Structure formats: structure tokens, C-alpha cells
Amino acid sequence: MDDKIGVLISEEAVENRIKEMAEQLSKKYRGGTVHLIGILKGSIMFLASLSRYMTVPVTMDFIAVSSYGSGTVSSGEIKMKKDLDQDIEGRDVIIVEDILDSGRTLSHVVEYMKTKNPQSLKVVTLLDKPDRREFEVDLEMTGFQIPDRFVVGYGLDYAEKYRNLPYIGVLD
């Protein structure tokens, strides 16, 4: 079956916005080092691009969480599948996420990271889907606000496919 994918946000628009975000973050953290934490797997493309455009020293780590188990509907229970490899106590930390929709998982991750005593803790997302919000998450910045559509590309997948698309697409 060939999936039909329409372009929601072009490759050029995505790259330009990520550059802007990196510039703003670099200004905010000038003189320091920023520790980026990506939430696997979806954030990997966004984190790679964001870090590449930042002009301050950057360190990175990744976590993996799941609220789905083996099903396709969230169980509501958040499970840590991969924890941090590095201590974040006293560090300036930015959680990097691909998309914020219900907020369930991201709000859990934020609360968990606070227990690790970072100097500062901020969240940036490439996409924000506010129509699906159930849990509030304080965002430092977001790339794009999008409608309640199923999107793929730039790290977002459908059945593990389409993460490699250089744009944000809508699966029809």
C-alpha cells in the first residue's frame, strides 16, 4: 500500500525555523554550555539540526519513554525505556521533543527531570498540536503550531516509516 503524504510544512520552512530557534537559544545561553536531552525516537532529526545551528557549546543525551506498550492506544502509564546516561545536576538542560500533543508523556518527563536538580530546565518542540492538549507543558519555544492532523517526517513516523522525510507531511 502506498501512503499518500501531502506537504504541511516545507523542508525550507522547517530548516529556517530551526535556525531561528537555535539563534534564540544561543543568545539566551551565551557564555554557557547547554545540555540537550532528546526523547527517542522522534526528536532525533530535530535535535541534530538544532544542535548543528547552535553557536554555544552543546552536550547531548537521550531518553526513551513509552505510554503505549504493545497497543496503539495510550495506556496512560508512562514507562522509562532508556534513562539518561549523564548526570544533569547543576546543568542548563533543554528537553528537545518532536511534537507536543496531549502533553501526557512530556509533562511526565519534565517532572522526572526536575528530580535530577538541573540548574535550569526548558522544553522546545518542533511542533505543537494544542487541540489535543490534556496536560499543560510550559514551552520555551516551538517551531510550528499545527492543526489536529496525523503528521510524519522530520523524525515523526507512521509504523516506523517516514521519519527521514525532510519536511512535515500529512498522512492522508
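Heads up: the structure comes first, above all this text.
As the structure is a prediction and not an experimental result, all values here were calculated from the model. (Residues numbered from 1 in each chain as written. Predicted model: local features only at pLDDT ≥ 70, side-chain atom pairs only at ≥ 80, totals over all residues. Heavy atoms only, no water.)

Chemist: Would you take a moment to explain the pattern of salt bridges for this structure?
Modeler: Any two side chains of opposite charge can pair if their charged atoms end up close together. Considering all chains together, one arrives at 14 salt bridges under this definition. With a closest N to O distance of 3.2 Å, Glu160 and Lys41 form a salt bridge. With a gap of 119 residues between them, Glu160 in the loop between β8 (151–152) and β9 (168–171) and Lys41 in the loop between β2 (34–40) and α2 (44–53) connect regions that are remote in the sequence. Residue class for Glu160 comes out partly exposed when judged on its relative accessible area of 47%. Among the residues examined, Lys41 registers a relative accessible area of 46% and is labelled partly exposed. Through salt bridges with shared partners, one network takes in Lys41, Asp157, Glu160 and Arg163. (Salt bridge = Lys/Arg side-chain N within 4 Å of Asp/Glu carboxyl O. Helix = DSSP H or I, 4+ residues; strand = E, 2+ residues; numbered from the N terminus. Buried < 20%, exposed > 50% of the residue type's maximum accessible area, 1.4 Å probe, protein only.)

Chemist: Please clarify how helix α3 (residues 104–114) should be interpreted in this entry.
Modeler: An α-helical turn contains 3.6 residues, so any two residues separated by three or four positions project in the same direction. Three or more residues of α3 are buried, namely Thr105, Leu106, Ser107, Val109, Val110 and Met113. Structurally, α3 contributes buried residues whose contacts are with β2, β3 (58–66), β5 (92–100) and β6 (120–128). (Contact = heavy atoms within 4.5 Å.)

Chemist: Would you explain the sheet that holds strand β4 (residues 79–82) in this entry?
Modeler: The strands that make up a sheet pair up through hydrogen bonds in the backbone, lying either parallel or antiparallel. Strand order in the open sheet formed by six strands is β4-β3-β2-β5-β6-β7, with mixed pairing between adjacent strands. Two strands in the sheet have a free side with no partner beyond their single neighbour: β4 and β7 (141–145). Neighbouring strand axes in the sheet, compared pairwise and without regard to direction, differ in orientation by 25° on average. Relative to β7, β6 runs parallel, the two being bridged by four bridges. Paired with Thr125 across the two strands is Thr142, which belongs to β7. Of the strands in this sheet, β5, β6 and β7 touch helix α1 (residues 11–28), which is tilted by about 165° from β7. (Pairing = 2+ DSSP bridges. Axes fitted to C-alpha atoms, helices over the stretch in contact; angles between N-to-C directions.)

Chemist: Before we go on, may I ask you to explain the sheet that holds β9 in this structure?
Modeler: Strand order in the open sheet formed by three strands is β1-β9-β8, and the pairing between neighbours is antiparallel. At either margin of the open sheet sits one strand with a lone partner, and together these are β1 (5–9) and β8. The sheet contact formed by β8 and β9 spans two bridges and is antiparallel. Its bridge partner lying in β9, Val151 is registered against Val170.

Chemist: Just to check I follow, could you spell out the side chain of Arg133 for this structure?
Modeler: Mapped onto the elements, Arg133 comes out in the loop between β6 and β7. Within the structure, the side chain of Arg133 is placed 3.5 Å from the backbone oxygen of Lys129, a separation counted as a polar contact. (Polar contact = N/O pair within 3.5 Å; in protein donor to acceptor, adjacent residues only side chain to side chain.)

Chemist: Help me understand unusual backbone geometry, please; the structure alone is not making it clear to me.
Modeler: Outside of glycine, negative phi angles account for most residues, and trans bonds account for most peptide bonds. In this model, Leu40 is joined to Lys41 through a cis peptide bond whose omega is 0°. Phi is positive for Asn117, which is not a glycine, with a value near 60°. Inspection of the secondary structure puts Asn117 in the loop between α3 and β6. A positive phi angle, close to 80°, is found at Tyr162, a residue other than glycine. Following the sequence through the fold, Tyr162 ends up in the loop between β8 and β9. When its relative accessible area of 18% is taken as the criterion, Tyr162 is described as buried.

Chemist: What is the right way to read the environment of Val7 from this model?
Modeler: Counting through the fold element by element, Val7 comes out in strand β1. Here Val7 falls in the exposed class, since its relative accessible area comes to 55%. It is 38 Å that separates the C-alpha atoms of Val7 and Pro118, two residues lying 111 residues apart in sequence. Apart from the residues within four sequence positions on either side, Val7 is in contact with Tyr167, Ile168 and Gly169.

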